[in-house]
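A structural walkthrough
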Amino acid sequence: MNFLRRRLSDSSFVANLPNGYMTDLQRPDSSTSSPASPAMERRHPQPLAASFSSPGSSLFSSFSSAMKQTSAAPSGLMEPPGPSAPVVQRPRILLVIDDAHTDWAKYFHGKKVNGEIEIRVEQAEFSELNLAAYVTGGCMVDMQVLRNGTKVVSRSFKPDFILVRQHAYSMALGEDYRSLVIGLQYGGLPAVNSLYSVYNFCSKPWVFSQLIKIFHSLGPEKFPLVEQTFFPNHKPMLTAPHFPVVVKLGHAHAGMGKIKVENQHDYQDITSMVAMAKTYATTEAFIDSKYDIRIQKIGSNYKAYMRTSISGNWKANTGSAMLEQVAMTERYRLWVDSCSEMFGGLDICAVKAVHSKDGRDYIIEVMDSSMPLIGEHVEEDKQLMADLVVSKMSQLLIPGGTVPSPLRPWAPQMKPAKSPGPAQLGPPLGQPQPRPPTQGGPRQTQSPQPPRTGSPSQQRLSPQGQQPLSSPSGSPQQQRSPGSPQLSRASSGSSPNQAAKPGAPLASQPRPPVQGRSASQQGEDSKKPAPPHPHLNKSQSLTTSLSTSDTSQRGTPSEDEAKAETIRNLRKSFASLFSD
């Protein structure tokens, strides 16, 4: 206690106290009871030893809490809040439209959207689906799966993504599910391939018209398309230019609806069949083929196959045939890449061509995501489709999980308050040391400089662009001559005691002027609070702590409230000490 009384009687200590501090100590605390209150009258006098021990312990506890708040709170060293509970997102529902021969759930097992969100697979055929689509409510799908005439699954759900592996329209089988494709498109559901392309593939002449555009664009040498004629009905079908000819009726798959006509009499019979079917038809020249070629593309994976008929049937996909994988050439790649751009893009497609016995190739057809998988790599192709779907789901369902474009770089992150870096402490070792300014030099006016474009570790130059402001020894204090007028100009905004004391703490030193700012802007910056210094500890004296807290560590309003609370605690301690 005698130590504290000697310290309070010291003139230098009192001079460093804030204005009005000693006057505020005489004011009664608003939180204590008034002398006339019954609480004071009922309080019994305490022994003398207790009166000395209680204020002392309260005083030292106040000092301890004040130093903790002063050193930890402004420096940003407070313990961060605990991690929040992770938000569990609902699984994404993938509807796979395919027959029961392939269990697509096992190919998506363990896969997640962006590595976080589970995928729930629902599989059914077009014939087992029904739906209702809304403007704002999306698409509600009703699924009733039948196995051997028995209902196995019956539920409703809202799918998030569609994988189409089945034809939506076939005249040969009497299957027309184009209304379901329209409903899924109405609900705004993304799909592989896109529902727009699936609907366009419901008519083979419509797709062939896209091949004609590619043919005219690339030419017959790069894109050899077979010669074909389209008839909307039987009336224009009078005769064929040459025989034999292949007649294709309507829209069918797997070789159905294709007839080889040898002469004019057979051609007239086929014309009558077209009249009965009430549909369109196409004719193309018969090509005596040596083998068929199929080039498929799944995402960025390419494969080419060659199929040769063994049974002697003119249809290579009918009867016995030998299938083998061949090398992918640039010519084949050009074919499939050109066809994959139709209808807004096809993620999965295949091109069928015929290689004639005279050594020429003819492109006859293009298929979409409903194409059958062939060859020895069927399992690999299914896995490639699953990976492609997961990638598309990550891009379309969660746009924030995608990698930003180079044109939109990452936003700069705010750096936490740390110790001064090389740019503040001085130049790194091995660089030429700066020269101190000339003593007694004339005062120069500051002019604006261009903004700094170098790295933070580069030397900072003075506003005149001549003298670096970092010290040669790496000290945070600036090298100023005693008589230089720049010292008083750079220390504007700090207390007179700090400017006069050479042994003031680091946090009380004036910051070097920033390159590229005018004198008025630097004057405003000098009035702003300086960044806190993390090297404060409990071993510093009360004078240093008070002066540092009052002058150099003026921060945000929250920090000011913390310092004000510290001052109030100290006032209470001193008031209780001197009142007793």
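The name recorded for the chain in an unreviewed UniProt entry is Synapsin III, from Panthera leo. What the UniProt record of the chain gives under Sequence similarities (unreviewed entry) is the line "Belongs to the synapsin family." Quoted verbatim from the Subcellular location (unreviewed entry) field of UniProt, the annotation for the chain is "Cytoplasmic vesicle, Secretory vesicle, Synaptic vesicle".

Quick look at the overall build of the chain
For the chain, the count of helices and strands is 17 helices and 19 strands. With 580 residues in all, the chain has 36% of them scored as buried. Considering only contacts within the chain whose residues lie at least 6 apart along the sequence, 66% involve residues at least 24 apart. Here the chain displays about 34100 Å² of accessible surface, and carbon together with sulfur accounts for 55% of that area.

Let's talk about the nonpolar core
In this structure, Leu211, Phe223, Cys339, Met342 and Val366 are the most contacted members of the largest nonpolar core, which totals 29 residues. Contributing elements (two or more residues each) for this core: helix H8 (204-218), strand S15 (289-298), strand S16 (301-309), helix H10 (330-339), strand S18 (348-356) and strand S19 (361-367). Excluding residues that lie within four positions of it along the chain, Val366 makes contacts with Phe201, Val207, Leu211, Cys339, Met342, Ala350 and Val351. Of all hydrophobic cores here, the second largest spans 25 residues; its members include Val153, Leu180, Ala191 and Val198.

Re helix H11 (residues 378-397)
Compared with the 28 Å implied by 1.5 Å per residue over 20 residues, the 28 Å span of H11 between its first and last C-alpha is a close match. The complete set of buried residues in H11 reads Asp381, Lys382, Met385, Ala386, Leu388, Val389, Val390, Met393 and Ser394.

Looking at the pattern of salt bridges
Summed over the entire model, instances satisfying the criterion amount to 17 salt bridges. Ionic pairing is found between Arg90 and Asp160, a salt bridge with its closest N-O pair at 2.9 Å. Here Arg90, found in the loop between helix H5 (48-72) and strand S1 (92-97), pairs with Asp160, found in the loop between strand S6 (150-157) and strand S7 (161-164); they are 70 residues apart in sequence, far enough to count as distant. Looking at Arg90, the relative accessible area reads 45%, which means it is partly exposed. Taken together, the shared-partner salt bridges connect Arg120, Glu122 and Arg155 into one network.

The rules behind these values
- Residues numbered from 1 in each chain as written.
- Predicted model: local features only at pLDDT ≥ 70, side-chain atom pairs only at ≥ 80, totals over all residues.
- Heavy atoms only, no water.
- UniProt positions renumbered as here; feature names shortened; annotations may be inferred.
- Helix = DSSP H or I, 4+ residues; strand = E, 2+ residues; numbered from the N terminus.
- Buried < 20%, exposed > 50% of the residue type's maximum accessible area, 1.4 Å probe, protein only.
- Contact = heavy atoms within 4.5 Å.
- Areas by Shrake-Rupley, 256 points an atom, 1.4 Å probe, with all protein chains shown as cover.
- Core = buried A, V, L, I, M, F, W, Y, C linked by side-chain atoms within 4.5 Å.
- Expected span 1.5 Å × (residues − 1).
- Salt bridge = Lys/Arg side-chain N within 4 Å of Asp/Glu carboxyl O.

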